[in-house]
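A look at the structure
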Amino acid sequence: MTTEPSIVCDNLVRIYQTEGVEVVALQGLDLLVEPGDLLAIVGASGSGKSTLLNILSGNDVPTAGRASVAGYDLLELSGRRRAEYRRDVAGFVWQQASHGLMPFLSAAENVALPLLISGVPRRERTERAAELLTLLDIDHCRDHRPAEMSGGEQQRCAIAVAVANRPQVLFADEPTGELDSTTADEVFAALRRTNDELGTTIVIVTHDPEVAEHVDRTVAIRDGRTASETLRRTELTAEGHERIVAEEYAVLDRAGRVQLPREFVSTLGLRDRVRLELEPDHVGVWPGAGGPVSGSGEPGGEEEAR
Amino acid sequence: MSVWLLVRRALTTHRGAAVLLAVVVGVGAFLGAAAPRWVGERLDDTLRGTVTAAGPAAQLSARDARQVQPADFDRELSLLDSGASADLRSLLGEGRWSTSTGARGFVTQNGAQVDDGQRPRMVNVRAPDDLAGRVRVVDGELPATVTSAPGPGGDASLVDAVVTAEVAEALRLEVGDTLAFERAGAADDLAPVEPGAVPGLRVTGVIEPLDPDDPLWADARTALVPDLGVPGSEPRITTGTVLTDPTLVATWAAATADRFDTEWHVPLEADALTSAILDRVTAELRQLAGGGMWSSGLITTLEAYPAQRAAAEGVVGFGIVSFAALCGALVLLSSRLLAERRADEVALARTRGAADGRLARLLALDAAVVAVPPAVVGAAAATVAVDGPGGWAGPALAAGLVLVAVAAVPVMALRARSNAAGIDARPDVAAVRPSPRRLVLEAAAVALAGLGLWLAGTRQPGAGIDPVVSLAPILVAGATGLVIFRALPHLVRAVLPPLRRARTLTPFLALARTARTPGHAVLPVIALLVAIGVAAFGGTVQASVERAREVSSWESVGADALIRSDVIRVDSGVVESLPGADAVAAGYLFTNQRPVNLDNGRSAGVDVLAVDIDAWQAVTSGAPELPAALAALTGPTASGAPAALITGNIDVVDVGDQLEVTIGDATTTVEVAESTGDVPGTDQGIALVVPLDQVAAALPPWPDVIYVAGDVDDDQVAAALGVDPSEVTLRTDVLATSSSDVVLDTVLDVFQVVTAASAVLAAAAAVLALAVGDRGRQHGLSILRTLGLTARQSAVLTASDVVPICVLAAVAGIGVGTATGLVTAGAVDLPALSGVLVGGTATVPDLPSAVVAAAAVLAAVLVAVAVSVVVGRRARLGSVLRAGEPT
């Protein structure tokens with residue numbers, strides 16, 4: 001049985017105009033995310049990952065391309081449909097927990113707020129809030145206001161707010177960026193629990209390599225494009241222990257373009273032109289004529305991409 | 001950091017907030033410097049207007065009977081000028097003099113005995129200075145000589161004289177006529193005297209005035225318009241004035257040894273009069289009057305002026321203080337906006353080890369760089385653009401605004417929470433609650449406002465600008481704002497539980513925010529309270545003044561129209577049938593002094609006015625309060641006898657005395673309920689006002705006094721009753737007369753302008769206060785929009801957040817302003833302002849005006865909210881909330 005992907009980005013472009021200067025934040029980004037995925041997006045500062053997150057969460061509109069989340073075409077949304085999308089389809093967790101919480105409401109009231117916006121009856125709101133607070137292990141903070149909660153509690157409360165309306169996708173922007181490692185683990189555990197128990201697709205934008213190691217799939221973005229993906233799976237060793245195996249893949253876009261990892265390029269001194277050679281089971285990449293020759297030591301400095 | 005660097009930073013970093021502060025300080029400095037000058041000039045205008053309105057009465061005049069020696073007359077003017085102080089000399093206009101005989105009757109005309117039976121003719125000879133410069137010759141020539149002409153009794157001197165055409169016609173004179181007169185003093189019996197014993201006149205020309213407004217014509221009253229005598233008098237005498245040259249009339253004086261009545265008049269130039277020299281000038285005028293020769297009506301004219309001016313300054317002072325306070329509030333709000341923008345770099349500097357003291361100095365310099373230039377420009381522009389007396393108030397206000405900015409920016413920036421990522425400290429629980437020190441300060445502010453209000457209520461009028469009274473509305477409004485700020489959360493909490501159960505989002509969210517973090521509301525609440533409080537206070541004072549005028553007019557006329565005539569020969573009912581007449585009451589005046597037997601055995605003579613009390617009450621149904629006379633007449637008496645009023649000074653009658661009044665065959669006993677001034681319908685002197693039914697049997701067929709209710713035309717009333725229109729007094733005319741008082745008019749003008757300007761400034765303050773909180777509000781709305789809040793819900797939520805607070809502040813402002821006006825109105829000296837100089841004057845609220853002002857200010861706030869909603873709707877969530885690391 002095939003399932004429709006939760007998120008589809010096809011040749012996504014976003015161009016900003018800042019003080020008369022055009023900045024191309026996304027330049028033809030492709031991405032597919034399956035329902036129930038727990039995905040991390042990583043990239044250097046300015047690579048376009050926050051722009052992507054803003055677009056996917058419905059807070060920004062792409063310039064061109066296609067972006068679809070749970071069947072909602074994000075380029076074509078009217079104001080009403082966009083509000084509906086934010087309310088029912090996408091949840092958002094901010095790096096600063098205070099961004100996602102109303103400071104004058106208690107934790108329970110904050111969690112019930114999206115339900116109130118949706119017009120859910122009071123009993124249901126109360127039950128749902130209690131359920132989420134328990135799930136995320138902050139039910140003791142039910143009547144506390146954000147200022148009376150720790151950073152980790154605030155962030156878990158923000159996650160509860162974000163998933164209160166049972167969104168299909170939850171976007172998290174550096175959710176552990178301001179937390180110590182212990183608290184960050186708690187928050188990450190909460191996200192994983194949300195993914196496991198509620199089945200919510202979760203996309204996390206992060207710098208933190210440790211966070212990236214907690215997810216099954218990590219997408220790296222470079223210069224506004226998807227550069228590579230790392231897939232992790234758990235294997236049993238010969239001794240019967242579980243170990244995590246991570247494999248990094250370059251991403252081939254719809255136009256057939258591949259971004260070579262930066263270290264490959266620098267190691268072989270690739271620039272301007274490269275020579276490709278189609279082999280029966282792989283494509284070989286060699287430095288172009290006139291370029292410095294270095295490589296694996298094979299004749300002609302041949303480097304292969306599989 | 002150099003000043004130049006600060007200037008560059010102000011121009012490039014957070015430019016909007018810096019420009020706003022500069023504009024607010026500049027405009028505030030302009031208004032602050034201009035307002036005292038403008039108000040001072042307007043108040044000086046009232047002084048000049050008072051003097052101008054007094055007309056010739058305000059001039060410096062002297063009168064003497066002396067031999068005609070023109071050189072002496074000029075010398076008197078020179079002596080006055082040389083003896084006057086510089087202040088008085090600056091006011092003295094060009095003096096004039098003229099000398100005149102008493103009116104003399106003709107004996108002969110062209111040598112023939114004058115005999116026209118019933119119409120004797122008399123002539124007054126007047127010699128003004130510079131006759132040639134004041135008249136134009138229509139026929140003949142100007143007086144040039146004294147001739148000698150033979151007469152039956154010998155040669156007689158004939159003095160050349162000219163006459164206006166009107167006088168010539170009335171006296172039947174022609175150019176070339178010669179006149180001989182009886183002796184001086186013989187005018188009363190008009191007995192003919194020997195011709196030639198008195199110099200005669202030769203009419204040499206007919207003239208007309210070059211300037212009919214020349215004061216000469218006021219002195220020589222019958223030169224332009226002859227006096228045709230009193231109708232019905234026997235004989236009816238025609239009198240006119242002829243004009244001659246002083247050098248010629250000297251010959252007459254020498255021949256007769258007559259002393260001519262000579263008068264000098266020196267106008268006081270009102271344009272040069274200012275309040276600064278008023279006291280010195282009036283003291284000098286009193287000194288001159290004490291010398292015996294010179295006198296001026298100006299002393300009397302300005303007797304009431306100081307009290308009126310003090311009352312005026314009391315009211316205007318309130319306006320200026322309110323104005324200054326509102327400018328200060330605007331500067332505070334603008335400073336806060338700039339401080340919020342600077343908060344990030346302050347926080348950054350702190351993380352790099354900058355000490356607060358050094359930062360404060362830097363921020364103060366920063367604020368000075370932004371505020372000083374516009375303040376200087378604003379104050380200088382006000383000095384150039386607005387005429388008025390200089391003084392310390394204007395520059396002090398401008399400097400005060402700069403000081404507010406320089407002090408506020410560092411304090412607010414150091415206290416502001418930075419929004420910069422990584423240095424955004426999470427407020428701890430204690431910071432959410434007000435500190436004890438803050439609560440004590442707020443309680444002290446409330447107590448201070450209460451004390452100020454109490455002091456203002458006990459303050460006596462006439463003290464001029466009183467800071468306690470002037471600050472009272474601001475203090476009370478601010479204190480009320482603080483009380484609301486503290487009380488509101490508790491009140492709102494009571495309604496939160498049911499709202500939490502409801503499915504609607506916006507009321508719950510808005511009220512939850514108000515109940516739990518009311519800090520966002522405090523600035524708009526106080527700004528609106530002050531704005532509407534000022535407007536309501538002003539409305540109360542103005543309404544009270546207007547009401548006092550209204551009451552005064554009713555006390556003066558006793559009806560919308562009053563007819564007092566002895567020649568009414570129709571029933572008063574004819575007036576009731578006139579258009580506009582609603583009710584009529586009749587009164588009968590027995591002007592003969594009727595003996596009254598007092599119960600103490602003594603008697604006195606009085607006029608008696610018998611009035612139909614019930615009908616008079618019906619006539620006064622439109623009055624704001626029952627006229628005092630009518631109230632006394634309708635009240636109970638100790639003896640049970642009908643109440644009566646006594647007017648004028650009469651020692652033998654006291655309140656409570658029982659009087660026996662006999663009119664014709666009717667005798668009745670009344671009790672004097674009150675001794676009062678004039679009662680409408682009575683003549684000058686002592687009068688007893690009694691109910692008509694007590695003397696009904698003795699009433700004549702026609703009334704002497706008629707009180708009319710309604711909008712009637714005085715000419716129609718006069719025609720219907722067959723009386724002279726001058727015998728009809730309309731209350732609207734009396735009201736208009738009191739309304740034309742220059743001081744009162746100016747005060748009300750100034751008051752209205754200052755109040756309106758204050759309300760506009762306060763509306764701006766409220767809008768600015770909303771702008772200060774707008775960033776946070778937009779941020780909160782953006783978060784809610786990420787949760788699915790629709791644009792419509794955003795607008796409703798913004799309105800729910802702002803409007804109830806504004807409405808609450810508006811209602812409280814109306815209450816505070818009105819109550820403050822009622823309490824402090826005594827110190828504002830309403831009687832002096834309204835022209836009602838007797839008795840207490842009730843203060844009344846002007847709720848409609850206050851509501852209109854509140855609605856206007858609220859409308860401004862709502863427009864600001866609407867703009868905020870539209871701008872917020874256009875803003876992209878991504879740019880407002882900025883996911884990811886800050887760039």
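Residues numbered from 1 in each chain as written. Chains lettered and ligands numbered in written order. Predicted model: local features only at pLDDT ≥ 70, side-chain atom pairs only at ≥ 80, totals over all residues. Heavy atoms only, no water.

If you check an unreviewed UniProt entry, chain A appears there as ABC transporter ATP-binding protein from Jiangella asiatica.

Moving on, we come to the overall build of chain B. When helices and strands are tallied, chain B shows 28 helices and 22 strands. When the 887 residues of chain B are sorted by exposure, 49% land in the buried category. Accessible area of chain B: about 38200 Å², with a carbon and sulfur share of 58%. (Helix = DSSP H or I, 4+ residues; strand = E, 2+ residues; numbered from the N terminus. Buried < 20%, exposed > 50% of the residue type's maximum accessible area, 1.4 Å probe, protein only. Areas by Shrake-Rupley, 256 points an atom, 1.4 Å probe, with all protein chains shown as cover.)

The next thing to look at is the nonpolar core. Formed by 130 residues in total, the largest nonpolar core has its most connected members in Val111(A), Leu113(A) and Leu784(B). Beyond its immediate chain neighbours, meaning those up to four positions away, Leu113(A) contacts Met102(A), Leu105(A), Leu505(B), Leu509(B), Leu784(B) and Leu787(B). Counting residues in hydrophobic clusters, the runner-up holds 29 residues, among them Leu12(A), Val33(A), Leu53(A) and Val219(A). (Core = buried A, V, L, I, M, F, W, Y, C linked by side-chain atoms within 4.5 Å. Contact = heavy atoms within 4.5 Å.)

Turning next to a nonpolar patch on the surface. Residues and elements named next belong to chain A. On the surface, Val274, Leu276, Leu278 and Val283 cluster together into a nonpolar patch covering about 390 Å² of accessible area. Top element by residues in the nonpolar patch is strand S12 (residues 274–278). It accounts for three residues. Along the chain, the position of Val274 falls in strand S12. (Patch = residues over 30% accessible without salt bridge, like charges linked within 9 Å, V, L, I, M, F, W, Y side chains within 5 Å. Salt bridge = Lys/Arg side-chain N within 4 Å of Asp/Glu carboxyl O.)

On to the packing of helix H2 (residues 15–54) of chain B against helix H12 (residues 356–385) of chain B, then. Axis angle and axis distance: for two packed helices, these are the angle between their axes and the distance between the axes, and together they describe the pair. All names here are of chain B. Interaxial distance between H2 and H12 falls to 7 Å at its minimum, and their mutual angle equals 30°. The orientation of H2 with respect to H12, classified from their angle, is roughly parallel. For the pair H2 and H12, the sense of crossing is right-handed. The residues of H12 that touch H2, namely those facing Ala18, Leu21, Ala22, Val25, Gly26, Ala29, Phe30, Ala33, Ala34 and Arg37, are Val370, Ala371, Pro374, Ala375, Gly378, Ala379, Ala381, Ala382, Thr383 and Ala385. Of the residues belonging to the contact of H2 with H12, the class tally is 16 nonpolar, three polar and one charged. (Axes fitted to C-alpha atoms, helices over the stretch in contact; angles between N-to-C directions. Parallel < 35°, antiparallel > 145°, perpendicular 65-115°, else oblique. Left-handed = near helix turned anticlockwise from the far one by under 90°. Nonpolar A, V, L, I, M, F, W, Y, C, P; charged D, E, K, R; others polar.)

Moving on to the pairing of strand S11 (residues 242–250) of chain A. All names here are of chain A. With nine bridges connecting them, strand S10 (residues 225–236) and S11 associate as antiparallel partners. What sits directly across from Arg233, in S11, is Val245. Turn length for the S10-S11 hairpin, with the two strands adjacent in sequence and antiparallel, is five residues, and the turn residue Gly240 shows positive phi of about 90°. (Pairing = 2+ DSSP bridges.)

Here we come to the side chain of Ser335(B). Residues and elements named next belong to chain B. Within the secondary structure, Ser335 is located in helix H11 (residues 305–351). Note on Ser335: relative accessible area 0%, which makes it buried. Residue contacts for Ser335: discarding those within four places in its chain leaves Leu21, Ala405, Ala408, Val409 and Met412.

All names here are of chain B. In the predicted model, chain B carries a mean pLDDT of 78, and the fraction of residues at 70 or more is 82%. No element of chain B has a lower mean pLDDT than helix H14 (residues 429–432), which averages 42, and none a higher one than strand S21 (residues 705–710), which averages 91. Across residues 184–193 the pLDDT falls below 50, and counting only partners more than four positions away or on other chains, this stretch makes 14 contacts in the model. Here residues 418–432 scores under 50 on pLDDT; set against residues more than four positions off or in separate chains, the count is 28 contacts. (pLDDT = per-residue confidence, 0-100.)

This part takes up the sheet that holds strand S6 (residues 90–93) of chain A. All names here are of chain A. Sheet architecture is open: seven strands sit in the order S6-S7-S8-S3-S9-S10-S11, paired in mixed fashion. Strand pairing shows two members of the sheet lacking a second neighbour, S6 and S11, which therefore form its edges. In this sheet, adjacent strand axes meet at a mean angle of 20° when their direction is disregarded. Together, strand S3 (38–43), strand S7 (169–173) and strand S8 (201–206) form the strand contacts of helix H7 (residues 181–198), whose direction differs from that of S8 by roughly 155°.

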